[in-house]
Amino acid sequence: MHKLTMLGTGLIGTFYTMALHGTRGRDRVHAVYSRSPERLAKFAAQWGIPKTTTDMAAAINDPETDVVVVGLPNHLHEQAVSLAAQAGKAVLCTKPLARNAAEARRMLDVIEKAGVFAGYLEDLVYPPKTLRALQSVRGGALGKVLWVRSRETHPGPHSDWFFNKELAGGGAIVDMGCHCIEIGRNFIGKDVRPVEVMCWADTQVHPIEAEDSAVGLVRYANGALGQFEVSWTFRGGMDLRDEVSGTEGTIWLNHWLRTGFELFTTAGESGYVAEKTESQTGWLFPVGDETGGLGYRDMFVDMLDALDAGQQPRETFYDGYVVNAIMDAAYRSVQSKRWEPIELADWRGQAEAGGQVELKDYDVDYYLIKEEKLPDGRTKVILKHKASGSISQKVVEQH
Ligand SMILES: NC(=O)c1ccc[n+]([C@@H]2O[C@H](COP(=O)([O-])OP(=O)(O)OC[C@H]3O[C@@H](n4cnc5c(N)ncnc54)[C@H](O)[C@@H]3O)[C@@H](O)[C@H]2O)c1
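Residues numbered from 1 in each chain as written. Predicted model: local features only at pLDDT ≥ 70, side-chain atom pairs only at ≥ 80, totals over all residues.

### What about the environment of Leu225?
Rule in force here: Helix and strand definitions follow DSSP, with helices as H or I runs of at least four residues and strands as E runs of at least two, each counted in order from the N terminus. Here the contact rule is simple: place C-beta atoms from the backbone, and any two residues whose C-beta atoms are within 7 Å are in contact.
Looking at the secondary structure, you find Leu225 in strand 10 (residues 225-231). For the pair Leu225 and Arg26, spaced 199 residues apart in sequence, the C-alpha to C-alpha distance is 41 Å. Among all residues touching Leu225, those that are not within four sequence positions of it are Leu146, Trp147, Leu217, Val218 and Arg219.

### Observations regarding the sheet that holds strand 16 (residues 366-373)
Put simply, the rule is: Paired strands, in this sense, are two strands between which DSSP finds at least two bridges. Here an axis means a line fitted to C-alpha atoms, over the contact stretch when the element is a helix, while the angle between two N-to-C directions is reported on a 0 to 180 degree scale.
Taken together, three strands build an open sheet; the order of strands is 16-17-18 and the sheet is antiparallel. Looking along the sheet, the strands with just one partner apiece sit at the ends: strand 16 and strand 18 (391-396). Ignoring strand direction, the axes of neighbouring strands in this sheet form an average angle of 25°.

### Comments concerning helix 11 (residues 317-336)
To keep it simple, the criterion reads: Take the residue count of a helix, subtract one, and multiply by 1.5 Å to get its expected span. The burial criterion counts other C-beta atoms lying within 10 Å of a residue's C-beta, which is placed from the backbone; the residue is buried at 20 or more, exposed at 12 or fewer, and partly exposed between these limits.
Taking 1.5 Å as the rise per residue, helix 11 with 20 residues should run 28 Å; its terminal C-alpha atoms sit 29 Å apart, in good agreement. Most of helix 11 is tucked away, with 17 of its 20 residues classed as buried. Backbone geometry just after helix 11 places Lys337 at a positive phi near 60°.

### Focus on the domain arrangement of the protein chain
Often, the extent of an interface is quoted as the loss of accessible area upon association of its parts. Stated formally: Note that the domain bounds were set by an automatic or database domain assignment.
Partitioning the protein chain into structural domains gives domain 1 (3-95), domain 2 (125-292 + 313-341) and domain 3 (366-396). Just the C-alpha atoms count here: the centres of domain 2 and domain 3 sit 38 Å apart.

### Observations regarding the sheet that holds strand 4 (residues 67-70)
Sheets are built from strands paired through backbone hydrogen bonds, the pairs being either parallel or antiparallel. A sheet is described by the order of its strands in space; here six strands give the open sequence 3-2-1-4-5-6, paired in parallel fashion. The sheet is open, and its two borders are formed by strand 3 (51-53) and strand 6 (118-121), each paired with just one other strand. The average angle at which neighbouring strand axes cross in this sheet is 20°, direction not considered. The pairing of strand 2 (residues 28-33) with strand 3 spans three bridges and is parallel. Bridging from a neighbouring strand, Tyr33 pairs with Thr53 of strand 3. Its contacts with the sheet put helix 4 (residues 77-86) on strand 1 (3-7), strand 4 and strand 5 (90-94), and the angle it makes with strand 5 is roughly 170°.

### Examining the packing of helix 5 (residues 101-114) against helix 11
Keep this limit in mind: An angle counts as roughly parallel when it lies under 35 degrees, as roughly antiparallel when it exceeds 145, as roughly perpendicular when it falls between 65 and 115, and as oblique in every other case. It is the rotation of the near helix from the far one that decides the hand of a crossing: anticlockwise by less than a right angle makes it left-handed, clockwise makes it right-handed. Each residue gets one label: Ala, Val, Leu, Ile, Met, Phe, Trp, Tyr, Cys and Pro are nonpolar, Asp, Glu, Lys and Arg are charged, and the others, such as Gly, are polar.
Here helix 5 crosses helix 11 at 165°, and the two axes come no closer than 8 Å. As summarised for this structure, helix 5 and helix 11 are arranged roughly antiparallel, according to the angle between their axes. Remark: the crossing between helix 5 and helix 11 carries left-handed chirality. When helix 5 is examined against helix 11, the residues Ala101, Ala104, Arg105, Met107, Leu108 and Ile111 are found in contact with a partner set consisting of Phe317, Tyr318, Gly320, Tyr321, Asn324, Ala325 and Asp328. For the contact of helix 5 with helix 11, the per-class residue count stands at nine nonpolar, two polar and two charged.

### Remarks on the packing of helix 8 (residues 172-188) against helix 11
Here helix 8 crosses helix 11 at 120°, and the two axes come no closer than 10 Å. Classified by the interaxial angle, the pair formed by helix 8 and helix 11 is oblique. Considering how the two elements wind past one another, helix 8 and helix 11 form a crossing that is right-handed. Mapping the contact onto sequence places Ile173, Val174, Gly177, Cys178, Ile181 and Glu182 in helix 8 and Asp319, Val323, Ile326, Met327, Ala330 and Tyr331 in helix 11.

### Observations regarding unusual backbone geometry
The omega torsion across Lys95 and Pro96 is -15°, close enough to zero to call that bond cis. Mapping Pro96 onto the fold places it in the loop between strand 5 and helix 5. A positive phi angle, near 70°, is found at Lys276, a position not held by glycine. Mapped onto the fold, Lys276 is located in the loop between strand 13 (263-265) and strand 14 (282-284).

### Points about the nonpolar core
Definition in use: Nonpolar cores are identified as sets of buried Ala, Val, Leu, Ile, Met, Phe, Trp, Tyr and Cys residues joined via C-beta atoms within 7 Å.
Membership of the largest hydrophobic core comes to 97 residues, with the highest contact counts inside it found for Leu7, Val70, Val81, Val91 and Ile326. Sorting elements by how many residues they give to this core places helix 11 first, with twelve residues. Both of domain 1 (3-95) and domain 2 (125-292 + 313-341) provide at least three residues apiece to this core. Beyond its immediate chain neighbours, meaning those up to four positions away, Ile326 contacts Ile181, Pro194, Val197, Val218 and Ile342.

### Some details on the pairing of strand 7 (residues 145-153)
In the sheet, strand 7 pairs with strand 11 (residues 239-246) via eight bridges, with the strands oriented antiparallel. Its bridge partner lying in strand 11, Arg149 is registered against Glu243. As paired strands, strand 7 and strand 10 are joined by seven bridges and run parallel to one another. Following the sheet pairing, Arg151 is matched in strand 10 by Glu229.

### Let's talk about the environment of Val110
By secondary structure assignment, the location of Val110 is in helix 5. A C-alpha to C-alpha distance of 15 Å links Val110 and Asp319, two positions 209 residues apart in sequence. With sequence-adjacent residues up to four places away left out, Val110 is seen in contact with Val81, Ser82 and Ala85.

### Points about the site of the ligand
Quick reminder of the rule: Nearness is defined per residue: the C-beta atom, placed using the backbone, must lie within 6 Å of the molecule or strand.
Looking at the ligand, there are 20 residues lining it, with Gly8, Gly10, Leu11, Ile12 and Ser159 nearest. Ranked by residues supplied to the shell around the ligand, first place goes to helix 1 (residues 11-21) with three residues. Residues lining the shell around the ligand come from more than one domain, with at least three contributed by each of domain 1 (3-95) and domain 2 (125-292 + 313-341).

Given below as structure tokens:
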């Protein structure tokens, strides 16, 4: 059993506490920190949390807690993690780990030097559907993964600080690209080195300095491509989708607007429908289990199980650092309008590129390029001659 310190009582502090307290599990938030005494009192009453404080260091140093959860705005992650490391406590930090790779690397360094357990709270690799999809991919069901497209778009964040480039470290890329990039890494293979990024970003709608829309491509050493699509300008709620394409198969995941629960109402819903829902009437897409569906529950199970077992969780501070390095390259690409190399001073994965797709033999003389059943029932094969390289086709007998 763990007693946790929760830093932050905003949207993510709420979801995290819901996930931890939502079942009959033994782990409890024991102390909570927020700037506002009024908010603290309400939050503590709602979730049955015994200790509250407006002093961040006091919350971290609470003698009864052994795990610190960082659910604060991005500019406070490093400070909170350093204090937790100094206190010798396990620390779990929300996404993005940091505002840039330099900050992330310092955070990685501080927890490694202190020898404390640390986990990167990237919930969107933990939804049950994603965990199941990863199992299929790792079992070889898709062959070699070639392309992972991950999309997160909604009409914009719920608090002022997200729109402040200095406090957040950027705009939609740093806020949501971090999810999409890490989803891509999980499917492609975390030990495959991300090499370079090409990214478009713009401020299309909001009167802010940071980007509110971006599309980026991350090229990996084995030739695979991660694609992220992020926007704070999308209307209609929160669109969360992933597509994985491999040499032997395809996976499509839809996490939010089409979860198998669609509700039409003229009378309207009276309260909260689901995260980032824009209306109370018409067709609505409520979510039966938000904390489960977004991965928060499985994420905390993994984190706390790993802590108990003395192992690494699925998502570590090192992963957070790699994601920040990819985002830094994306920002450079937005400026240069070119592919930009990903600078990873500390690379812990495979040195080799690896992963070439094997050519398929048709017979001793030919490789098979493609086979297709035509509308008239014939089957056509397209071949490449091994010696000359010439490409030809033939219609083969039906079976
Ligand atoms: N899916 C996810 O994993 C997910 C979702 C949302 C947010 N987040 C992350 O969680 C963190 C917090 O985001 P949020 O959505 O909860 O934000 P929020 O604005 O809803 O809440 C932020 C919390 O931090 C406190 N805070 C704000 N500014 C502060 C300051 N200067 N000093 C001290 N406390 C301050 C607020 O009072 C509040 O308790 C961010 O890093 C964000 O990227 C993660």
